[in-house]
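Chain by chain, the residues run as shown.
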Amino acid sequence: MPKTGGNSVDIELTINGERATVEAGSADDLATVLRQHGYIGVKCGCDGGTCGASKVFVDGEVVMACGMAAEDADGSEIQTVAALGTQDDLHPVQQAFVDNFAVQCGFCIPGMVIQAVALLDSNPDPTEQEVREALDDNVCRCTGYQKPVEAVLDAAERIQGAQSVAADGGQSVSAPLRGSESTGCCGGGCDE
Ligand code: FES
Ligand code: FES
């Protein structure tokens, strides 16, 4: 169950590039507070820090938001999946998930996309094994994981290809690995 309640305090967050003052109970977890404020791309599957659905970036680090006290995020910069791309301009990872048919019910996809972006940020050319290890705490009940793994490997190629074009003086076709503003949907079940 989501951890909610307790005495309320106001906390300051920057969420997907927007500064916000949000009310949080002393027992509230970050995933619950984000969802209560409309960031429903943060999914709650287990509420126990084991399924990966609630992953967000907190100050650039991947965090399972269900396992973080909202109060502890005070002053932090949060990025949900909706920060990465828009419906009309998906992040390369989001586009690769769509193009590789890696999305079924979509519930796990925001967390997978966040983790994949973090992986490719630190390791732009991962092996299949490295992708599998990066996603090993993202639980998916639908896909059997093969398609998401293929999507991440495809995204790595797309990003590297776009960067090569840019290095050659062409105009980059890649979105930034972590965009700062967006209100659109990833096409992968986030509903934002
Ligand atoms: S809901 Fe947070 S990891 Fe499962
Ligand atoms: S696509 Fe349904 S849980 Fe992963």
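How each quantity is defined
- Residues numbered from 1 in each chain as written.
- Chains lettered and ligands numbered in written order.
- Predicted model: local features only at pLDDT ≥ 70, side-chain atom pairs only at ≥ 80, totals over all residues.
- Helix = DSSP H or I, 4+ residues; strand = E, 2+ residues; numbered from the N terminus.
- Contact = placed C-beta atoms within 7 Å.
- Axes fitted to C-alpha atoms, helices over the stretch in contact; angles between N-to-C directions.
- Parallel < 35°, antiparallel > 145°, perpendicular 65-115°, else oblique.
- Left-handed = near helix turned anticlockwise from the far one by under 90°.
- Nonpolar A, V, L, I, M, F, W, Y, C, P; charged D, E, K, R; others polar.
- Buried ≥ 20, exposed ≤ 12 C-beta atoms within 10 Å, placed from the backbone.

A few words on the overall build of the protein. Summing up its helical and strand segments, the protein has five helices and five strands in all. If you take every contact in the protein between residues at least 6 apart in sequence, the share linking residues at least 24 apart comes to 66%.

With that settled, the discussion passes to the packing of helix α2 (residues 92-99) against helix α5 (residues 146-167). Running from N to C, α2 and α5 cross one another at 135 degrees; their axes reach a closest spacing of 8 Å. Between α2 and α5, the angle is such that the two are oblique. As for how α2 packs across α5, the hand of that crossing is right-handed. On α5, the residues touching Pro92, Val93, Ala96 and Phe97 of α2 are Pro148, Ala151, Asp154, Ala155, Arg158 and Ile159. In terms of residue class, the contact of α2 with α5 is made up of eight nonpolar, no polar and two charged.

Glancing now at the environment of Val117. Locating Val117 in the fold gives a position in helix α3 (residues 109-122). Taking the C-beta count within 10 Å as the criterion, Val117 has 26 such neighbours and is therefore assigned buried. Taking the C-alpha atoms as reference, Val117 lies 9.4 Å from Ala156; in sequence the two are 39 residues apart.

What is expected of a backbone is that most residues other than glycine have negative phi and most peptide bonds are trans. A positive phi angle is found at Asp47, which is not glycine, with a value near 55 degrees. Mapped onto the secondary structure, Asp47 falls in the loop between α1 (30-36) and β3 (55-58). Even without being a glycine, Asp59 presents a positive backbone phi close to 50 degrees. Mapped onto the elements of the fold, Asp59 is located in the loop between β3 and β4 (61-64). When the 12 C-beta atoms within 10 Å are taken as the criterion, Asp59 is described as exposed.

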